[in-house]
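Take a look at the letters that make up each chain.
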Amino acid sequence: MNGFTSIYKKLIIVSAILGLLLVCSFVLGISIGSSGGAGEALKILLGKGEPESMLSVIIWKIRFPRVILAATVGAVLSLGGLVFQSLLRNPLAEPYILGISGGSAVGAICGMLCGLPLFPWVTSIAFCGSMLTLALVLGLTAGRAGLRKDSLLLGGVMMNAFCGAIIMFLISLSQSSQVHHILFWLMGDLSMTEAGTLPLLITVIPCFIIIFILARPMNLLLTGTENAASLGVNVRLISMVLLVVTSLMVSLVVCLSGLIGFVGLTIPHIFRLILGPDHRLLVPACILGGSSYLIICDLLARSLPVEGEMPVGIITAMVGAPLFVFLLWRVKR
Amino acid sequence: MSAVTVRNLTLAYGKKPILREVSLSVEKGEFFVIIGPNGAGKTSLLKAIAGFNKSADTRVEIFGRPIAAYSRLQLAQIMAMVPQQIPADFPFAVADTVLMGRTPHLGLLGVEQEHDFMVARQAMEFTEVIHLADRRLDQVSGGERQRVFIARAICQQSRIILLDEPTTALDPAHQLKIMDLMERFRKERGTTLIMISHDLNLAAMYGDRLLLIKDGMIEKIGAPADVLTHEQLTSSYGCTLLVDENPVIARPRVTMVPEKCKRSQADGKIIDTM
């Protein structure tokens, strides 16, 4: 009869298609660059090139970690957007817009200016910063009638502006030679790879698994908290876990790649349009699709400029900001 | 053992009291209807029974155990709720909505098996919404939407179903359809039904016992004929309500008296006391 298809079937189809997409963008991301032809790079990837050549070193030491970082960042930001949108039942929620990325950035800059090591200090301070902004934004906007949609966004926008001011304030005060680097990083930059892609992956993958397990409760939360509770969901516990886990992975990503906005808006909305509202499909789709998306965006960011490269945050904002306006327009109607 | 027992429940919202020393018990398989004027505390009482109010958890017992002793999941396995309102932007299809009723019976990953599909299909057939299975919930009519949520509650296979004004905003045909559905379901499965209703005649026709509540206090609890009397209703609702016998069923029938008819009281046509 109509209506029911096993979730396994859909999951396998979605993962297969998006997995293939990820592999393609991965190969593209590695083989295209300023030095060496794409054909030669492909040979090296398949293990047929000269192992000690210049191109081989570039590929394995520079491009490979960078593409992995881009993929992880893309997956985390997309998933973060998805979680916040369903948890706050607001289609415009996203770590960047809610000010959570900004809060982590303030924490991360404090750590960096003090010259602390990235792991665990800078990341821990960034995590505290993100939790603090989250608590502030939610606390400010939580009225008796629950969370109001518009005030949540306003709170986030104000938080972002405030965090931006603090960041600039800190940068202006410091005499550090890092200033140029930090400014670049602020706009979203994936070139800082040597520091810690591996610790990032190790922390982020368990977060992915937890969120995937909570996909069904997230579906139910979308139908209202009392509705979810009457179907056996421990709303308070699950919301807490989701908020903390998401803030954790977002703040880690901010430490490594700076403020890359709008990814968490673009990717979840595209997949919602294609796949519908079921989070058991949306979570893996956002992980796989988000990583492909950022690999491609990063590829554009480093190949479009004639000389050097531009921060990848510029590309994602150019795609995402118009989408935000469109969604806002649709919500208001 | 009663299905639901409330012992001396007092609730307040800030300083404003909502429920004052409410005690009641609902037997297994009973159709129990809560009536009362707006703001009387009906919904608060139903939510307390559903376990949505933490401060009520020790005062409410389900099958002899206080709610505090149940986990959210255990509670969902024995008690379902048909909500009064759903979010305006409800994105799920009818079939998926009904299938959500299986949640408390699924494992950790929440993957439905063939058995769950079967239960959902039967529930949709029972409430006659199976032909809508693929439609989005916000694309069906109000009466159909209520039947979808009743199908979800049935799909949950719980022994108690709580309903918050399920017939509001429905035309008479749909009101009857939903009430008959619930009544039939109760007869077949022995499910306990607790319902809030503003429609006194529906309450009289279907309820085994009624609870009349006002200002958070129990005014009267008992069989429809004992609760729905002219004196009781007129004093509780603060307007003239006439009661006679329903011509089709041996239950009370309530008639509202509009202002313009009260004036003809002088002619001695209408018997009114206040």
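Given the structure is predicted, the values throughout are model-derived calculations rather than measurements.

## Notes on the overall build of chain B
Next up, step 1: Helix and strand content of chain B: ten helices and twelve strands.
Next up, step 2: For 274 residues, the compact-globule estimate of 2.2 N^0.38 gives 19 Å, and the C-alpha radius of gyration of chain B, at 20 Å, lies within 12% of that figure.
Next up, step 3: Dimensions of chain B, computed from the C-alpha atoms along their principal axes, are close to 70 × 40 × 35 Å.
Next up, step 4: Classification of the 274 residues of chain B by burial places 54% in the buried group.
Next up, step 5: The contacts of chain B with a sequence gap of at least 6 include a subset with a gap of at least 24, amounting to 63%.
Next up, step 6: About 12,400 Å² of surface is accessible on chain B, with carbon and sulfur atoms providing 51% of the total.
Next up, step 7: Looking at chain B, you have 33 positive and 32 negative side-chain charges, and the mean spots of the two groups are 4 Å apart.

## Looking at the domain arrangement of chain B
Residue and element names in this part refer to chain B.
Next up, step 1: The domain boundaries assigned to chain B delineate domain 1 (4–223) and domain 2 (229–274).
Next up, step 2: A straight line from the C-alpha centre of domain 1 to that of domain 2 covers 31 Å.
Next up, step 3: The partner domain 2 presents twelve residues to the 13 residues of domain 1 that form the contact.
Next up, step 4: Buried surface at the junction of domain 1 and domain 2, summed over both partners, amounts to about 1,000 Å²; 53% is from carbon and sulfur atoms.
Next up, step 5: Among the residues domain 1 hides against domain 2, the three largest losses belong to L200, N201 and M205. Together they make up 43% of the total.
Next up, step 6: The interface formed by domain 1 and domain 2 contains zero salt bridges.

## A few points about the sheet that holds strand 5 (residues 65–66) of chain B
Sheet strands pair by backbone hydrogen bonding; their relative direction is either parallel or antiparallel.
All names here are of chain B.
Next up, step 1: Sheet architecture is open: four strands sit in the order 2-1-4-5, paired in antiparallel fashion. With partners counted over all chains shown, the strands left at the sheet margins are strand 2 (16–26) and strand 5, one partner each.
Next up, step 2: In the sheet, strand 1 (residues 4–13) pairs with strand 2 via seven bridges, with the strands oriented antiparallel. Along strand 2, the bridge assignment pairs L9 with V22.

## Focus: a nonpolar patch on the surface
Next up, step 1: A surface patch of nonpolar side chains, amounting to about 380 Å² of accessible area, comprises L28, I32, I296, L300 and L304 of chain A.
Next up, step 2: When you line up the elements, I32 of chain A lands in the loop between helix 1 (7–31) and helix 2 (38–45).

## Focus: the pattern of salt bridges
Residues and elements named next belong to chain B.
Next up, step 1: Inspection of every chain in the model, using the stated rule, returns 18 salt bridges over all chains.
Next up, step 2: Across the salt bridge formed by D138 and R136, the nearest N and O atoms sit 2.9 Å from each other.
Next up, step 3: Classification of D138 by relative accessible area gives partly exposed; the value is 32%.

## Some thoughts on the interface of chain A and chain B
Next up, step 1: At the junction of the two partners, chain A supplies 29 residues and chain B supplies 37 residues.
Next up, step 2: Carbon and sulfur atoms make up 63% of the area that chain A and chain B hide from each other, which totals about 2,800 Å².
Next up, step 3: By the criterion of area lost to chain B, the three top residues of chain A are F4, R216 and L231 of chain A, representing 26% of everything that side buries.
Next up, step 4: The tally of links between chain A and chain B comes to three salt bridges.
Next up, step 5: The interface formed by chain A and chain B includes seven residue pairs in polar contact (both at pLDDT 80 or more).
Next up, step 6: Counting residues per element, the ones that place at least two in the side of chain A that touches chain B are helix 1, helix 9 (215–221) and helix 10 (225–230) of chain A.
Next up, step 7: With four residues, the top contributor of residues to the side of chain A that touches chain B is helix 10 of chain A.
Next up, step 8: Along the lines of polarity and charge, the residues of the side of chain A that touches chain B split into eleven nonpolar, eleven polar and seven charged.

## A word on the packing of helix 1 of chain A against helix 3 (residues 54–87) of chain A
Residue and element names in this part refer to chain A.
Next up, step 1: Helix 3 packs onto helix 1 with a crossing angle of 140° between their chain directions and a minimal axis gap of 9 Å. Considered as vectors, helix 1 and helix 3 are oriented oblique to each other. Helix-helix and strand crossings are classified by hand; for helix 1 and helix 3 the assignment is right-handed. Two secondary-structure elements touch here, helix 1 through F26, G29, I30 and S31 and helix 3 through I59, R63, F64, V67 and I68.
Next up, step 2: Taken together, the residues of the contact of helix 1 with helix 3 sort by class into six nonpolar, two polar and one charged.

## Observations regarding the packing of aromatic side chains
Any aromatic ring pair is given by two values, namely how distant the centres are and how the planes are angled relative to each other.
Next up, step 1: Evaluation of the coordinates by the stated rule reveals eight aromatic pairs over all chains.
Next up, step 2: Considering the side-chain rings of F326 of chain A and W329 of chain A, the 5.9 Å spacing of their centres and the 40° angle between planes classify their relative orientation as tilted. Highlighted residues: F326 of chain A and W329 of chain A, both in helix 14 (residues 312–332), separated by three residues, approximately one helical turn.
Next up, step 3: Centre to centre, the rings of F90 of chain B and F149 of chain B are 6.1 Å apart; their planes meet at 75°, and the pair counts as edge-to-face. One end of the pair, F90 of chain B, is in the loop between strand 6 (79–82) and helix 3 (94–99); the other, F149 of chain B, is in helix 5 (residues 142–155), with 59 residues separating them in the sequence. Judged on exposure class, the residue F90 of chain B and its partner F149 of chain B are both buried.
Next up, step 4: Through a chain of ring-to-ring contacts, three or more aromatic side chains come together here, namely F26, W60 and F64 of chain A.
Next up, step 5: A cation over an aromatic ring shows up here: R65 of chain B above the ring of Y70 of chain B, its NZ or CZ 4.4 Å from the ring centre.

## Description of the packing of helix 3 of chain A against helix 13 (residues 279–303) of chain A
The relative placement of two packed helices comes down to the angle between their axes together with the axis-to-axis distance.
Residue and element names in this part refer to chain A.
Next up, step 1: Here helix 3 crosses helix 13 at 135°, and the two axes come no closer than 7 Å. What the angle tells us is that helix 3 and helix 13 run oblique. Considering only the axes of helix 3 and helix 13, their crossing is right-handed. Taken together, the residues of helix 13 that come into contact with helix 3 (itself represented by R63, R66, V67, A70, A71, V73, G74, A75, S78, L79, L82 and S86) are H279, L282, V283, C286, I287, G290, S291, L294, I295, D298 and R302.
Next up, step 2: Residue classes in the contact of helix 3 with helix 13 are distributed as 13 nonpolar, six polar and four charged.

## Here's the deal with the environment of E128 of chain B
Residue and element names in this part refer to chain B.
Next up, step 1: Checked against the element boundaries, E128 lands in the loop between helix 4 (114–126) and helix 5.
Next up, step 2: On the accessibility criterion, E128 (41% relative accessible area) is partly exposed.
Next up, step 3: Each C-alpha atom, one on E128 and one on S23, is 37 Å from the other, the two residues being 105 residues apart in sequence.
Next up, step 4: There is a polar contact of 3.2 Å between the side chain of E128 and the side chain of K177.

## A few points about unusual backbone geometry
Leaving glycine out, the prevailing phi sign among residues is negative, and the prevailing peptide bond configuration is trans.
Next up, step 1: Notably, N8 of chain B is not glycine yet its phi reads approximately 50°, a positive angle.
Next up, step 2: Its identity as a non-glycine residue notwithstanding, D215 of chain B has a phi of 50°, on the positive side.

Definitions and limits used
- Residues numbered from 1 in each chain as written.
- Chains lettered and ligands numbered in written order.
- Predicted model: local features only at pLDDT ≥ 70, side-chain atom pairs only at ≥ 80, totals over all residues.
- Heavy atoms only, no water.
- Helix = DSSP H or I, 4+ residues; strand = E, 2+ residues; numbered from the N terminus.
- Rg over C-alpha atoms; globule rule 2.2 N^0.38 Å.
- Buried < 20%, exposed > 50% of the residue type's maximum accessible area, 1.4 Å probe, protein only.
- Contact = heavy atoms within 4.5 Å.
- Areas by Shrake-Rupley, 256 points an atom, 1.4 Å probe, with all protein chains shown as cover.
- Lys, Arg positive; Asp, Glu negative; His and termini not counted.
- Charge placed at Lys NZ, Arg CZ, Asp CG, Glu CD.
- Domains from an automatic or database assignment.
- Buried area = accessible area lost by both parts, 1.4 Å probe.
- Salt bridge = Lys/Arg side-chain N within 4 Å of Asp/Glu carboxyl O.
- Pairing = 2+ DSSP bridges.
- Patch = residues over 30% accessible without salt bridge, like charges linked within 9 Å, V, L, I, M, F, W, Y side chains within 5 Å.
- Polar contact = N/O pair within 3.5 Å; in protein donor to acceptor, adjacent residues only side chain to side chain.
- Nonpolar A, V, L, I, M, F, W, Y, C, P; charged D, E, K, R; others polar.
- Axes fitted to C-alpha atoms, helices over the stretch in contact; angles between N-to-C directions.
- Parallel < 35°, antiparallel > 145°, perpendicular 65-115°, else oblique.
- Left-handed = near helix turned anticlockwise from the far one by under 90°.
- Phe/Tyr/Trp six-rings, centres within 6.5 Å; stacked < 30°, edge-to-face > 60°.
- Lys NZ or Arg CZ within 6 Å of the ring centre and 35° of its normal.

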